[in-house]
Amino acid sequence: MGRVLSRLYMGLIGAVLLAPIIVIIGVSLNEKKRLLFPPQGLSLAWYGEMLQDPDWLGALGNSVTIAVLAAALSVSIALPMAWYLWRWNPRWGRALYTLGIAPFILPPVVSALGFLIFWQMVGLYGHIAATIVSHGIFFVTLPLVNIALGLASIDRAAVEAARTLGADERTVFRTIVLPSVRPYIISGYAFAFVLSLNEYIIAYMVAGSTVETLPIKIFNALRYGYTPVMAAVTALFVLVAALVFSLVAWRGDLPRLLGATRPPR
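Residues numbered from 1 in each chain as written. Predicted model: local features only at pLDDT ≥ 70, side-chain atom pairs only at ≥ 80, totals over all residues. Heavy atoms only, no water.

1. So, the UniProt feature "transmembrane region" (unreviewed entry) in the protein chain
Just so we agree on the cut-off: UniProt positions are given in the numbering used here, feature names are shortened, and annotations may be inferred rather than shown by experiment. Helix and strand definitions follow DSSP, with helices as H or I runs of at least four residues and strands as E runs of at least two, each counted in order from the N terminus.
Following the UniProt record, one finds the feature "transmembrane region" (unreviewed entry) at residues 7-29, 56-84, 96-119, 125-149, 184-206 and 226-250. When the span residues 96-119 is considered, its composition is 92% helix and 0% strand, and the gap between its end C-alpha atoms is 24 Å. The span residues 226-250 shows a helical share of 92% and a strand share of 0%, and its end C-alpha atoms are spaced 37 Å apart.

Put into structure tokens, the structure is as follows:
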């Protein structure tokens, strides 16, 4: 009985989470230019309009460019930081780790305001590079936590044995550490990429209307009315997120990415 109730409860949670996505996808398939659910008629015309409109394509290009580079920057910051904390375990390591996860502790608007003031001071406000760096710093928490989890699963005895046999730090990192944490690096990059693709507050406050990403384009388009094109863009976000995380689960070790330290029996 308890198992049945548990499954019903989890099914209810899944239905609540899936309901908005189903509604959005249904609205994006409307034949008429109205936000209706259930859809009246089925058509992919709004997806075609999204892919033919230069404004939407420009916003899509900006979002993808920012997400790809920002996620790479997040990983390039998180990997050496996590490696340093795990390898040498300094006395002030906890403070450094807290600094790395601080962007997710603070409300996004606080971080966005800080980035806004900084980029105005250095004269790069409104540049796409400012958005890339801001997203890279803000989302560094995700790969940092993932990579730290991967490093914690490494058997230090193997590392010490490699050093005893004459391996230097670079060899140990390349042959033992990097292969062990590669799934965590990939998952951290995927998390940062997807969230950067969907982020609005920092992108808007750092770039404003100069660099229009898809979330900014959606909010700007709301001023002129509601169309199924917005639902099509939202459905595209969901599809990209599902595809990215499916690839992570397929190509990586999903139990380890979820924190398992032992193989499932």
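After presenting the structure, the write-up continues.
2. Side note on helix α6 (residues 128-138)
Where we set the bar: Only protein chains enter the accessibility calculation, which uses a 1.4 Å probe; a residue whose area is less than 20% of its type maximum is buried, one above 50% is exposed, and one in between is partly exposed. By definition in these notes, contact holds between two residues if any of their heavy atoms fall within 4.5 Å.
Among all positions of α6, only A130, T131, I132, S134, H135, G136 and F138 are buried. Looking at the buried residues of α6, the elements they touch are α3 (54-88), α4 (93-105), α5 (108-122), α7 (141-152), α9 (169-198) and α10 (201-207).

3. Thoughts on the domain arrangement of the protein chain
We apply this condition: Bear in mind that the domain bounds are from an automatic or database domain assignment. Once two parts are joined, some of their accessible surface, as seen by a 1.4 Å probe, is lost; buried area is that loss totalled over both. Only one rule defines a salt bridge in this text: a Lys or Arg side-chain nitrogen within 4 Å of an Asp or Glu carboxyl oxygen. Under this definition, polar contacts are N or O atom pairs within 3.5 Å; protein pairs additionally need one hydrogen-donor-capable and one acceptor-capable atom, and for neighbouring residues in sequence, both atoms have to be side-chain atoms. Ten residues, namely Ala, Val, Leu, Ile, Met, Phe, Trp, Tyr, Cys and Pro, are considered nonpolar, four, namely Asp, Glu, Lys and Arg, are considered charged, and the remaining ones, Gly among them, are considered polar.
Parsing the protein chain into structural domains produces domain 1 (18-46 + 227-254) and domain 2 (54-225). Using C-alpha coordinates to define each centre, domain 1 is positioned 27 Å away from domain 2. Contact residues are listed per partner, giving 13 residues for domain 1 and 17 residues for domain 2. Buried surface at the junction of domain 1 and domain 2, both sides included, amounts to about 1200 Å², of which 91% is carbon and sulfur. Of all residues in domain 1, M230, F237 and F245 bury the most surface against domain 2, accounting for 48% of the area lost on that side. Summed over the shared surface of domain 1 and domain 2, the result is zero salt bridges. Joining domain 1 to domain 2, the criterion identifies zero residue pairs in polar contact (both at pLDDT 80 or more). Each residue belonging to the side of domain 1 that touches domain 2 can be placed in one class, and the counts come to ten nonpolar, two polar and one charged.

4. Brief notes about the environment of I132
When you line up the elements, I132 lands in helix α6. According to the relative accessible area criterion, I132 is buried, its value standing at 12%. Put simply, I132 and A167 are 35 residues apart on the chain and 37 Å apart in space, counted from C-alpha to C-alpha. Setting aside chain neighbours within four positions, we find I132 in contact with I66, L69, A70 and L73.

5. Thoughts on the packing of α5 against α6
Here is the rule: To obtain each axis, a line is fitted to C-alpha atoms, and for helices this fit is confined to the stretch in contact; angles are then taken between N-to-C directions over 0 to 180 degrees. Orientation categories follow fixed angle ranges, with anything under 35 degrees roughly parallel, anything over 145 roughly antiparallel, 65 to 115 roughly perpendicular, and all other angles oblique. Rotating anticlockwise by less than a right angle from the far helix to the near helix defines a left-handed crossing, while the corresponding clockwise rotation defines a right-handed one.
Two elements in contact, α5 and α6, have axes whose closest approach is 11 Å; the angle formed by their N-to-C orientations is 140 degrees. By the angle between their directions, the pair α5 and α6 is classed as oblique. Crossing geometry of α5 relative to α6 is assigned as right-handed. Each of P108, S111, F115 and W119 in α5 lies in contact with α6, whose residues at this interface are A130, V133, S134, I137 and F138. Here the contact of α5 with α6 is composed, by residue class, of seven nonpolar, two polar and no charged.

6. With respect to the side chain of T141
In this structure, T141 sits in helix α7. Look at T141 and you get buried, because its relative accessible area is 5%. A polar atom in the side chain of T141 sits 3.0 Å from the backbone oxygen of G100. Setting aside chain neighbours within four positions, we find T141 in contact with G100, I101, P103 and F104.

7. As for the nonpolar core
Defined as follows: Nonpolar core, defined: a set of buried Ala, Val, Leu, Ile, Met, Phe, Trp, Tyr and Cys residues in which side-chain atoms within 4.5 Å join the residues together.
With 31 residues, the main nonpolar core has W56, F193 and V233 as its most contacted residues. Only α2 (45-52), α3, α5, α6, α9, α10, α11 (214-221) and α12 (228-251) provide two or more residues apiece to this core. The element contributing the most residues to this core is α12, with eight residues. If near-sequence neighbours (up to four positions away) are discounted, F193 is found in contact with V64, A67, V68, A71, V240 and V244. Counting residues in hydrophobic clusters, the runner-up holds 22 residues, among them L79, L85, A162 and V181.

8. Comments concerning the side chain of N220
For N220, the position within the fold is in helix α11. Owing to a relative accessible area of 16%, N220 belongs among the buried residues under this scheme. Within the structure, N220 has its side chain in polar contact with the side chain of E212 (distance 2.8 Å).

9. A few points about the packing of aromatic side chains
This is how it is decided: For Phe, Tyr and Trp, rings pair up if their centres lie within 6.5 Å, where Trp contributes its six-membered ring, and each pair is then called stacked (planes under 30 degrees apart), edge-to-face (over 60) or tilted (otherwise). Charge over a ring is defined by NZ of Lys or CZ of Arg lying within 6 Å of the ring centre and within 35 degrees of the ring normal.
Applying the stated criterion across every chain, the model contains ten aromatic pairs. Ring geometry for W83 against F173: centres 5.3 Å apart, planes inclined by 70 degrees, an arrangement best described as edge-to-face. Here W83 is found in helix α3, whereas its partner F173 is found in helix α9, with 90 residues between them in sequence. Since its relative accessible area comes to 12%, W83 is described here as buried. Judged by centre distance (6.5 Å) and plane angle (10 degrees), the rings of Y189 and F193 are stacked. With a gap of four residues between them, Y189 and F193 both fall in helix α9, about one helical turn apart. Classification of Y189 as partly exposed rests on a relative accessible area of 29%. We note R87 situated over the ring of W88; from NZ or CZ to the ring centre the distance is 4.8 Å.

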